[in-house]
Amino acid sequence: MISDRELVKMAIDAKNKSYSPYSGFRVGAALLTSNGATYTGCNIESASYSPTNCAERTAFFKAVSEGERDFNTIAIAGSLLEETADYCYPCGVCRQVMAEFCAVKDFRILIAKSDDEWLEYSLEQLLPFSFGPKDLNK
């Protein structure tokens, strides 16, 4: 299993692959499955904005399209092109996608400022009272 630091470094590397010519805000994510596989993603913008996809969802969609369904941790790094990195939290849509595939109490989210400075949260902390598959099985 890779370390949190390695996962954060992967997110930072993925950030550098971002296609963000309109906002200039680059985001990278590295997703760790429970079996130790990793999937990275970056944000991908579109001139018409609504087809834009976040880094976190890119990583999840890559993993799910390869048959993965059991996730452990995601690391997220973001910054403006010319700015020093700061903590970049996932948007609400990404949090909802995480809730679709992850146990909200156990899924770990690492919000990275650098490869040696990050904060750790559970999905439950970032998405309290989440709506997910459990709510449709009542």
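To be clear, the structure that these remarks concern was listed above.
For the structure given in this document, a descriptive report is provided here.

What counts as what
- Residues numbered from 1 in each chain as written.
- Predicted model: local features only at pLDDT ≥ 70, side-chain atom pairs only at ≥ 80, totals over all residues.
- Heavy atoms only, no water.
- Buried < 20%, exposed > 50% of the residue type's maximum accessible area, 1.4 Å probe, protein only.
- Helix = DSSP H or I, 4+ residues; strand = E, 2+ residues; numbered from the N terminus.
- Contact = heavy atoms within 4.5 Å.

## Considerations on helix α3 (residues 92-101)
Turning to α3, its buried residues are C94, R95, V97, M98 and A99. Of the surrounding secondary structure, the elements contacted by the buried residues of α3 are α2 (55-65), β3 (71-80), β4 (108-114) and α4 (123-126).

## Focus: unusual backbone geometry
A positive phi angle, near 65°, is found at Y49, a position not held by glycine. Note on placement: Y49 falls in the loop between β2 (38-42) and α2. The backbone of F129 sits at a positive phi, close to 55°, despite the residue not being glycine. With respect to the element layout, F129 can be found in the segment after α4.

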